[in-house]
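# Structure at a glance
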2 protein chains.
Amino acid sequence: MAAQQPITANVLQQRLQQLRQEMMQQQLVAVLVRATDRYLSEYVAVPRSVRAFLTGFTGSVGDALITHKQAILFVDGRYQLQAQQQAPHFDVRVVTLGCSVEQAWLQQLAADTALCGGRLFVSADCLSMQLFNKLTKQVQQNQIEIVTEHSQAAQQQAAVWHKLWQNPPQPAAAVRLVTQQITGSSVLQRLAALRPLLQQQQLQGFFVAPLDAVAWLTNLRGSDFDSQAVLAAQAVLLHDKVLLAVQPQHPMPTQLEAGVHVVPAAQLCQTLQQLLGKSFRLGVDPKTTTQASAMMLQQAGAQLVPLASPIDQAKSIKTAQELRYMRNCIARADECVHKVQQWLCHEVMQGQSITEQDVGKRIRQEFAASGACDVSFAPICAAGEHAAVVHYTQLDDQHPIQPGQLFLMDVGALYDGGYATDLTRTFLVGNAAMQATPQQKQRFTTVLQAAINGMTARFPKGTSGVQLDALVRAALWQQGYNYAHGTGHGVGIHVHESPPRVSPAGHEPLQVGQVFSIEPGLYLPKWGGIRIENLCTLLDNPNHIGYNCVLPLSFAPLDERLIEMRQLTQEQQRFLRYFARCFALANDELPPLFEQAQP
Amino acid sequence: MAAQQPITANVLQQRLQQLRQEMMQQQLVAVLVRATDRYLSEYVAVPRSVRAFLTGFTGSVGDALITHKQAILFVDGRYQLQAQQQAPHFDVRVVTLGCSVEQAWLQQLAADTALCGGRLFVSADCLSMQLFNKLTKQVQQNQIEIVTEHSQAAQQQAAVWHKLWQNPPQPAAAVRLVTQQITGSSVLQRLAALRPLLQQQQLQGFFVAPLDAVAWLTNLRGSDFDSQAVLAAQAVLLHDKVLLAVQPQHPMPTQLEAGVHVVPAAQLCQTLQQLLGKSFRLGVDPKTTTQASAMMLQQAGAQLVPLASPIDQAKSIKTAQELRYMRNCIARADECVHKVQQWLCHEVMQGQSITEQDVGKRIRQEFAASGACDVSFAPICAAGEHAAVVHYTQLDDQHPIQPGQLFLMDVGALYDGGYATDLTRTFLVGNAAMQATPQQKQRFTTVLQAAINGMTARFPKGTSGVQLDALVRAALWQQGYNYAHGTGHGVGIHVHESPPRVSPAGHEPLQVGQVFSIEPGLYLPKWGGIRIENLCTLLDNPNHIGYNCVLPLSFAPLDERLIEMRQLTQEQQRFLRYFARCFALANDELPPLFEQAQP
């Protein structure tokens, strides 16, 4: 990616002024600018982000509320500093733990009586149905009228900012069909598995908005977006086929799987009417379907039935083939990370000047050399106290990394089968003789104990994410440490998928075959941070009927110089020996369970 | 207590027939018979239980649904066997884990289409407002009409079973005032603390139904019920006083605390009208207020505001004085349990024939000798495989306890200050030379590890019961064991109080000053059971700001013959030494934290 020109404060101020002029002309009292795009993506490339354009802030989470008197940017704790630096004209509000950015602006809208009776612009493309409904309820008491680009006559439909900023054309890269050797399931098999769920709810179809769900359902992968193996498309799951709606100019593979029918995006509604009649029952997940899509489908005659997507759960449970393929990718990424770790230590000890950005480039190179087509997210490479920032993505290119520093590397690759990897290692910069301080060892070993808790956890079927989360944290809690993020997230086509959620908010039971991270950490401002992240899956416990086992899938070596062996129990030490042996497994080989491994 | 005459199957059949005749006459298609009484008490004495009268079943949890064709008794897993034996004419349905007895009959009512359009009798005295509302909704689809004793003209108000069974007159024992040396708070102080909560909700008062809340609020204790230090009374919390509604014949102490105003129960409504006017806003907790009370208050002009009771939370957080007093009671009970354990082992080794009932009597005697006025629940004394039943209260008087058996004793005392204790020990019957089997040791030590996990848990403020619950279970899960009950419950005036809940359903944060049990167990049918229960409290962690510590309060010796030391970590072994030393503390002395104790 080309380096972005930093936007000056003056330019940003001008943009804000222009927006407010537009607001005046359109008689708006407020504009809500969201971080997300029409796919409700977690990460939006900066050039495609109107939020970045208008505020200057480039972080992944952060919505802005602009009135004539105020300009507020709501972010979470990890982005406080960055937001304050990048968005000088905004009042940066950091949401408290357990509160979301969305809740924060909802509250603000309810509290700001100056907006009473006024008109608020939001883009219906950037709000889920669920959030739109919440917003509608929230503004009722202040009698605020919600205006979207669709509120106007069809020929005038445009966002309030359309004179300042327009979304650049969507890239349309080549699309590839993934073999069933990798996915373990044909589209027709998936259709057969999902059909009873449609029938149960008397649905004629289900609208599939999330990009990874579309990729999963069709066994197609694309590269229209950075760090995502997906194509810009949406789908409708019918009883006997999938309608895949793409822009007509989008290149498509000559061969598709049986059951996949491509329709030009603009003709999706028409096709639905032809197939299902003038009125039809269509399931939609209100969390992932935009209000704009909902309005479009309703106009086409759909009776929308709000329902949690049956695809999320199905997609989270990997087939044996997916597991084997993901294990292969994870093993390749393990090696890359280990190589970069060795390279960095060697170069620094040779007196070379290496910055965080150099490490970021190197890991991209190693991933590419191992066959990866992309990273699965912008690499986090943090030296010393930078690692105290959980999502540290603005890599430094000024300060050479120093011997004796702790270095945190949280990176993931995307291989051509289109599944993400995700791994974090924290290590001491230096050669074998370099000694960690007792404090570094004590803290690293505490995080390691938490990680081992997770990787050796055994529990009854039906155990939920919040319970596993507590088991992992316990080791840190015991020492008065904690981390302000979940213990783990699901991983699949996207590097973050849900379910599962291994976090205090994870109330769903964990399922055999899900792949998720276990990534406890410890962050101390001005000192630094330690995180150890491994991808794992869940198995039936072969020794105890009705019980599950966590099985680690990633084995990049841990830095032994940072381990205080006396702090570990015998069992934990035995686990480390098992863990180290597993690094030598063939890439395709699924590791044995700890209990079943040789002592 | 006098031994109850076993009721013959014939008598039970007759009762069921008579009830069905009454149902015919009153044109009822179904009758719901609940385990609870007008105080929604957890334990109802058998002679006061219409459910016991009509079904024969004497367990604490279990509701019956009787139609003309069916007689169903819904119980939870611990009561399956007992219900089948005691209620031969009932179809015993065991609810699945995570489902309550109430949910089970609600579902049954919705499913049984034979009841469509018919009339169902329930006693409004035995249903909370919340449950009554659920029931009302649930039967709508079947168009079932709900009939209560209040559905009829005032002079005819009676339950469907009134010709068969009537509640014996409520005992009215002496009432005592507890000193502030024990409670640490006067009634006026409590009023001052609760007043802002009333004001916040613009309430003129709050109706206080739970017996322990009434006792707490007034600093009064009674003995109207077995195993409960409470009086049969209800209260209304006002801004400046508590109205205490008791039957006029109830003896009361000559002196009450300032702020407590006694009114005859029948005049409560009238008094409220005199004080608050013809219409007033009154808070009620829909979980603990019966539908009958709600109807009475509404008739008196109350506008009921449903709200979680502010008293539950306040009551759960013990004052320093309460903690010290409870610690004293717990220490006394510890000694009693230890003495009975020693006595039992000695007698059995002497060849004496001792049964479970003998042990039950002995523990009552020891408690009485230590100053207790009652047990806080019917003692559980289970030898060998009997201990596989979690709530084993039908003690055996036939089979002498054998050397080498595991013996489980779960007992609690009530001292005159009116706080409950609760302790479980499992030990090997025999002298010091008696050896446990490797399996007994392995299993006992696993439960012990779980208990130690709980007693040494440290976690951030705001951690909820479900999280602590998982930390405790982890040791058992690791070995493929689990227990079908919560890890712990709150303890105060009642032996079970909520909050806190240390269980998978415990989503509220744990609070400093709460007292709760940690009681992991392991139950194997035909083998037996092991449970280790200790009462604990929660402290601010002196070493880490923002963190809490669990502090054990009970230290009755653990059976060392059952501990496999090699299975424990160094830290766990060190904890056992700390635990053993704390048994020697003075009764009034709060134990030191494990971290702060001498090594």
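All residue numbers here refer to positions counted from 1 along the written sequence of the relevant chain. Ligands are numbered from 1 and chains lettered from A, in the order in which they are written. For a predicted model such as this one, the threshold for reporting local features is a pLDDT of at least 70, and the threshold for listing and counting side-chain atom pairs is 80 or more; totals across whole chains, interfaces and linings nevertheless cover every residue. Side-chain calculation: all heavy atoms of the structure are included, whereas hydrogens and water are not.

### Some details on the overall build of chain A
Strands are runs of DSSP state E lasting at least 2 residues, helices are runs of H or I lasting at least 4, and numbering of each runs from the N terminus. From N to C terminus, chain A includes 16 helices and 27 strands. C-alpha atoms define the radius of gyration in this analysis, and the globule rule sets the expected value at 2.2 Å times the number of residues to the power 0.38. In terms of overall dimensions, chain A is globule-like: its C-alpha atoms have a radius of gyration of 25 Å, near the 25 Å expected for 599 residues. Considered along the principal axes of its C-alpha atoms, chain A spans approximately 70 × 55 × 40 Å. A 1.4 Å probe rolled over the protein chains alone gives each residue an accessible area, and that area as a share of the maximum for its type sets the label: buried under 20%, exposed over 50%, partly exposed in between. Counting over 599 residues, chain A shows a buried share of 58%.

### A word on the relation of the copies chain B and chain A
Copies overlap after least-squares fitting; the atoms used are the C-alpha atoms of residues with pLDDT of at least 70 in both. Between the two copies, chain B and chain A, the superposition gives an RMSD of 0.1 Å; the rotation angle is 180 degrees and the shift along the axis is 0.2 Å. Within this description, the copies of the chain are treated as partners about a two-fold rotation axis. In what follows, a contact means two residues having at least one pair of non-hydrogen atoms within 4.5 Å. Both copies share a contact surface, since 100% of the interface residues of chain B are interface residues in chain A too.

### Comments concerning the packing of aromatic side chains
Residues and elements named next belong to chain A. Ring geometry is summarised as follows: Phe, Tyr and Trp rings, the Trp one being its six-membered ring, pair when their centres sit within 6.5 Å, and such pairs are stacked at plane angles under 30 degrees, edge-to-face over 60 and tilted between the two. The full count for this structure, using the stated rule, is 24 aromatic pairs over all chains. With a centroid separation of 5.3 Å and an interplanar angle of 85 degrees, the aromatic rings of phenylalanine 575 and phenylalanine 594 are classed as edge-to-face. Here the residue phenylalanine 575 occupies a position in helix α16 (residues 570-582), and phenylalanine 594 occupies one in the segment after α16, the gap between them amounting to 19 residues. The burial state of phenylalanine 575 is the same as that of phenylalanine 594; both residues are buried. Members of the aromatic cluster, connected to one another through ring pairs, are Phe555, Phe575, Tyr578, Phe579 and Phe594.

### Observations regarding the interface of chain B and chain A
Often, the extent of an interface is quoted as the loss of accessible area on bringing the components together. With 23 residues of chain B at the interface, the matching set in chain A holds 23 residues. The term buried area refers to how much accessible surface (probe radius 1.4 Å) is lost by two components on association, counted for both of them together. Counting the surface lost from both chain B and chain A, the interface buries some 1800 Å², and carbon and sulfur atoms represent 62% of this. A carboxyl oxygen of Asp or Glu within 4 Å of a side-chain nitrogen of Lys or Arg is what we treat as a salt bridge. There are zero salt bridges connecting chain B and chain A. Any pair of N or O atoms that falls within 3.5 Å is considered a polar contact. Within protein, one atom must be able to donate a hydrogen and the other to accept it, and sequence-neighbouring residues count only if both atoms are side-chain atoms. The interface formed by chain B and chain A holds 12 residue pairs in polar contact (both at pLDDT 80 or more) in total.

### Considering the pattern of salt bridges
Summed over all chains, the structure comprises 34 salt bridges over all chains. The residue lysine 318 of chain B makes a salt bridge to glutamate 497 of chain B at a minimum N-O spacing of 2.6 Å. Of this pair, lysine 318 of chain B sits in the loop between α11 (310-316) and α12 (320-349) while glutamate 497 of chain B sits in strand β22 (residues 497-502), and the two are 179 residues apart along the sequence. Each of the salt bridges in this network shares a partner with another, and the network as a whole consists of Asp212, Lys315, Lys318 and Glu497 of chain A.

### Regarding the side chain of lysine 318 of chain A
Residue and element names in this part refer to chain A. Assessed through its relative accessible area of 7%, lysine 318 is described here as buried. Within the local environment of lysine 318, its side chain forms a polar contact with the backbone oxygen of valine 491, the two atoms lying 3.3 Å apart. A distance of 2.6 Å separates the side chain of lysine 318 from the side chain of glutamate 497, its partner in a polar contact. Excluding its chain neighbours within four sequence positions, the residues that come into contact with lysine 318 are Leu323, Met326, Val491, Gly492, Glu497, Gly513 and Val515.

### Here we look at the pairing of strand β25 (residues 528-531) of chain A
All names here are of chain A. In β25, alternate side chains face the same way, and those of Gly528 and Ile530 on one face and Gly529 and Arg531 on the other are all buried. Strands pair, by our definition, only if DSSP identifies at least two bridges between them. Sheet topology note: the strand β24 (residues 521-524)/β25 ladder contains four bridges and is antiparallel. Paired with leucine 522 across the two strands is isoleucine 530, which belongs to β25. Counted along the chain from β24 to the antiparallel partner β25, the turn is three residues long, and its residue lysine 526 has a positive phi close to 70 degrees.

### Some words on the packing of helix α12 (residues 320-349) of chain A against helix α13 (residues 356-369) of chain A
Residues and elements named next belong to chain A. Running from amino to carboxyl end, α12 crosses α13 at an angle of 140 degrees, the nearest separation of the two axes being 9 Å. Here α13 runs oblique to α12, going by the angle between their axes. The element α12 and its partner α13 pack so that their crossing is right-handed. Where α12 approaches α13, its residues Ala333, Cys336, Val337, Lys339, Val340, Trp343 and Leu344 are matched on the opposing element by Asp358, Val359, Arg362, Ile363, Glu366 and Phe367. Three residue categories are used. Nonpolar comprises Ala, Val, Leu, Ile, Met, Phe, Trp, Tyr, Cys and Pro, charged comprises Asp, Glu, Lys and Arg, and polar comprises the others, including Gly. Here the residues of the contact of α12 with α13 sort into nine nonpolar, no polar and four charged. All axes are obtained by fitting lines to C-alpha atoms, using only the stretch in contact for helices, and the reported angles, taken between N-to-C directions, cover 0 to 180 degrees. To sort the angles, those under 35 degrees are grouped as roughly parallel, those over 145 as roughly antiparallel, those from 65 to 115 as roughly perpendicular, and the leftovers as oblique. Handedness of each helix crossing follows the sense of rotation of the near helix against the far helix: counterclockwise by less than a right angle gives left-handed, clockwise gives right-handed.

### Observations concerning the sheet that holds strand β17 (residues 406-411) of chain B
Residue and element names in this part refer to chain B. In space, the three strands of this open sheet follow the order β16-β17-β19, with antiparallel pairing throughout. The outermost strands of the open sheet, each flanked by one partner alone, are β16 (380-383) and β19 (423-428). Taken pair by pair, the neighbouring strands of this sheet meet at an average axis angle of 10 degrees, ignoring direction. For β17 and β19, the ladder comprises six bridges, and the chain directions are antiparallel. For methionine 409, the partnering residue across the bridge sits in β19 and is arginine 425. Packing of α12 onto the sheet brings it into contact with β17 and β19, and relative to β19 it is tilted by some 25 degrees.

### Observations regarding the sheet that holds strand β16 (residues 380-383) of chain A
Residue and element names in this part refer to chain A. Spatially, β16-β17-β19 is the arrangement adopted by the three strands of the open sheet, whose pairing is antiparallel. Of all the strands in the sheet, just β16 and β19 (423-428) have a single pairing partner and so form its edges. On average, each strand axis in the sheet is tilted by 10 degrees relative to the strand beside it, whichever way the strands run.

### Remarks on helix α1 (residues 9-25) of chain A
Residue and element names in this part refer to chain A. An ideal rise of 1.5 Å per residue puts 24 Å on 17 residues; α1 measures up with 25 Å between its terminal C-alpha atoms. Listed in full, the buried residues belonging to α1 are Leu12, Arg15, Leu16, Leu19, Arg20, Glu22 and Met23. Taken down its axis, α1 places every buried residue within 155 degrees of arc, on the same side. Facing away from the buried side of α1 by more than 90 degrees, the exposed set consists of Asn10, Gln21, Met24 and Gln25. Elements in contact with the buried residues of α1: β1 (30-33), α2 (50-55), β2 (63-67), β3 (71-75) and α3 (80-86). Remark: glutamine 27 follows α1 within two positions and exhibits a positive phi of approximately 55 degrees. Expected helix span is computed as 1.5 Å times (number of residues minus one). Summarising the geometry, the arc corresponds to the directions from the helix axis toward the C-beta atoms.

### As for the side chain of arginine 458 of chain B
Relative to the helices and strands, arginine 458 of chain B resides in strand β20 (residues 458-460). A polar atom in the side chain of arginine 458 of chain B sits 3.2 Å from the backbone oxygen of valine 550 of chain B. A polar contact is formed between the side chain of arginine 458 of chain B and the side chain of glutamate 595 of chain B, at a distance of 2.6 Å. When near neighbours in sequence (up to four residues on either side) are disregarded, arginine 458 of chain B contacts Trp477 and Gln478 of chain A together with Asn541, Asn548, Cys549, Val550, Leu593, Phe594 and Glu595 of chain B.

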